[in-house]
Amino acid sequence: MDKFTTLTGIAAPMPLVNIDTDMIIPKQFLKTIHRSGLGKNLFDEMRYAPDGTENPDFVLNRPAYRDAQIIVAGDNFGCGSSREHAPWALLDFGIRCVISTSFADIFYNNCFKNGILPIVMPQDAVDALMKDAENGANARLTVDLESQTVTAPDGTAWPFEMDPHRKHCLLNGLDDIGLTLEKSAAIQSYEAQIAQSQPWV
Amino acid sequence: MTGTINAGAPRTLYDKIFDAHVVDRQPDGTCLLYIDRHLVHEVTSPQAFEGLRMSGRRVHAPDKTIAVPDHNVPTTPDRVNGIENPEGRVQVAELDKNAREFGLNYYPMNDVRQGIVHIVGPEQGWTLPGMTVVCGDSHTATHGAFGALAHGIGTSEVEHVLATQTLIQKKSRNMKVEITGRLRPGVTAKDITLSIIGQTGTAGGTGYVIEYCGQAIRELSMEGRMTVCNMAIEGGARAGLIAPDETTFAYVNGRPHAPKGAAWEAALAWWKTLYSDADAHWDKVITIRAEDIEPVVTWGTSPEDVLPIGATVPAPEDFDGGKVEAARRSLDYMGLTPGMKLTDIKVDAVFIGSCTNGRIEDLRAAAEILRGRHLAQGVRGMVVPGSGLVRLQAEEEGLDRVFTDAGFEWRLAGCSMCLGMNPDQLAPGERCAATSNRNFEGRMGRGGRTHLMSPVMAAAAAITGHLTDVRAVLAETA
């Protein structure tokens, strides 16, 4: 997994609330057995007409946002299914950070496993950053995970909260499985105990 | 361990199950939680198995890992000849290969026990009270009906569980949703769960584990309880739970993988300690009177867009903030006009099935409404049993004849239309009365329009050709 330390990039505004995982990556693209290559189908049904041509009004099709690396989104981003194809598609497109007032639980978890930083901020901060994002390519935001700030083009630094364990893993690009396997002895001891007390498990 | 489970401060059911599974706890509260059952399907697992192979790792506990293909499988009889769609075929073949190579408990596509993973788990007795159950599927919440801590995970976490049989977790907060009193006739578990989401919103449960309780919940069958817990995720919760009781034990007893003999007695003794202590702390409490719950349907493209069947389609201005634009978009997508009666909405298709409502009781309830009646002109209907065994049971009871006599197609088990990853899909603009769980844009097929409701409400819509209050049909029968 790639580390996430700092990122300066174009932010795309997506003020719609409840952007669900079926919007982020529709079900027909879940048939892959690989993690890569989903970026071209990110937001597929919003981004393309049924004949496959681009919808010019969709934010990521507008010239200013084609290279966006950040999305500023409405409430409850990523609700719906557990498909990790949603963060895979975002990452493959080039999105490394999503800012919203709230995220759905599983999507939020999935982001951290893929080097994407989901940032929860209060409504006033999201509103201000949404306005900045609406200014197009000139509106670059700087996200600094170490200092836990998002800096707007006018220099305003908005702070955000972050779980220390998740932050540590993301800053260092750590593999969860490797860390857990270091605790194999504890797992085995738990299993030995359960084999006695709950043999049916 | 079983002797100390109730010691110390009062705890909720969630607290008790969580505590009993902690392998390691860090000072910041990050825990390594042991996973008792890992369910696997073909869509969210291939990359996880690939990850295992690339790092030379094995499946830590294949005996606790259960695999079944469900999302991609066609529901027509010709599936014995294989899956026509090349990508779907590869995904199912990949699961087949992984299940055999890693020695998992496996129900292949043409095994009679195959079905939707959340129906197969309980049916085979894999899901038991007090367990932790995960699956790369958000509707894993279903298993909470047994008093198991069950939730969906992403593919990276699937790989983590395969490799270590544990999950890195932090404690969620505790929410109690109490449904007091008794449901009125024509009102079902689906109306309970939709009504809760209608009240709390799709983010109302974010950060919580919900325990459902109260007389109306206690009086539900296991099938009904699974319907309620299944949609905990639609309310944003990490998991939904119902304390196990005699109804639970009766359902579990005798299932192929349930404990037997002395192990059964020992299990039962522990299971009976699995309830929230009277003075346990709740971070949030919601109380709903069962008598106030009516048969409901969704009108929009979010599961929170719930209204009683007697209501009218709302206008965007009825909402606040970001929901105004979302409602405008929903109405446009759904092709509805504010102010029109919900009962004036005509349907083209009716879908009865899914992990929400594809169990035997759901089919019985729908068949009861459809017996001696027929689909309205121009409406197509599909019944998809949740598992091969549900299908067999229904056939033994003659329900298949009721459905086919009414003009419905009687299909093989699978996820079917619920997520349109297989040939069962809506055409653009087609409108469906569905017993599934998500009405998102494009969920059942690009441009398809979904109204969520209970099996009896879907059956009522099938007969009349428009959204219908099932109580009117019941009155006609009486």
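Scroll up a little and you will see the structure.
The structure reproduced in this document is the subject of the present report. (Residues numbered from 1 in each chain as written. Chains lettered and ligands numbered in written order. Predicted model: local features only at pLDDT ≥ 70, side-chain atom pairs only at ≥ 80, totals over all residues.)

### Here we look at the overall build of chain A
At step 1: Tallying secondary structure elements over chain A gives 8 helices and 7 strands in all.
At step 2: Dimensions of chain A, computed from the C-alpha atoms along their principal axes, are close to 60 × 45 × 25 Å.
At step 3: For chain A, long-range pairs separated by at least 24 residues make up 68% of all intrachain contacts whose partners lie at least 6 apart in sequence. (Helix = DSSP H or I, 4+ residues; strand = E, 2+ residues; numbered from the N terminus. Contact = placed C-beta atoms within 7 Å.)

### Structural notes on the overall build of chain B
At step 1: Helices and strands together make up the secondary structure of chain B, namely 17 helices and 19 strands.
At step 2: Computed over C-alpha atoms, the radius of gyration of chain B comes to 22 Å, within 12% of the 23 Å expected from 2.2 N^0.38 for 478 residues, which places it in the range of a compact globule.
At step 3: Buried positions account for 60% of the 478 residues belonging to chain B.
At step 4: Contacts in chain B between residues far apart in sequence, at least 24 positions, make up 76% of those at least 6 positions apart. (Rg over C-alpha atoms; globule rule 2.2 N^0.38 Å. Buried ≥ 20, exposed ≤ 12 C-beta atoms within 10 Å, placed from the backbone.)

### Overview of the interface of chain A and chain B
At step 1: Opposite the 48 residues of chain A that make contact, chain B presents 58 residues.
At step 2: Take the side of chain A that touches chain B: its biggest share by element is 5 residues, from helix α8 (residues 184-197) of chain A.
At step 3: Considered class by class, the residues forming the side of chain A that touches chain B number 20 nonpolar, 15 polar and 13 charged. (Nonpolar A, V, L, I, M, F, W, Y, C, P; charged D, E, K, R; others polar.)

### A word on helix α6 (residues 189-200) of chain B
The periodicity of an α-helix, 3.6 residues per turn, causes residues three or four places apart in sequence to face the same way.
Residue and element names in this part refer to chain B.
At step 1: End to end, α6 covers 17 Å across 12 residues, agreeing with the expected 16 Å (1.5 Å per residue, within 8%).
At step 2: All of the buried residues along α6 are A189, K190, D191, I192, T193, L194, S195, I196, I197, G198 and T200.
At step 3: Of the residues one or two after α6, G201 is the one with positive phi, at around 85°. (Expected span 1.5 Å × (residues − 1).)

### Points about the environment of B:T200
All names here are of chain B.
At step 1: Position of T200 relative to the elements: it lies in helix α6.
At step 2: The class for T200 is buried, based on 21 C-beta atoms found within 10 Å.
At step 3: The spacing of T200 and V252 is 52 residues in sequence and 32 Å in space, taken between C-alpha atoms.
At step 4: Leave out the neighbours within four places in its chain, and T200 touches G205, G235 and I286.

### Considering unusual backbone geometry
At step 1: Unusually for a residue other than glycine, A:N76 sits at a positive phi of about 60°.
At step 2: A count of 26 C-beta atoms within 10 Å places A:N76 in the buried class.

### Looking at the sheet that holds strand β9 (residues 173-180) of chain B
All names here are of chain B.
At step 1: What the 4 strands build is an open sheet, ordered β11-β10-β9-β12; its pairing is parallel. Every interior strand has two partners, whereas the edge strands, β11 (239-241) and β12 (284-289), have only one. Strand-to-strand twist across the sheet, computed as the mean angle between neighbouring axes with direction ignored, equals 20°.
At step 2: Of the strand pairs in this sheet, β9 and strand β10 (residues 208-213) are connected by 6 bridges, and their pairing is parallel. Bridging across to β10, N174 finds its partner in V209. (Pairing = 2+ DSSP bridges. Axes fitted to C-alpha atoms, helices over the stretch in contact; angles between N-to-C directions.)

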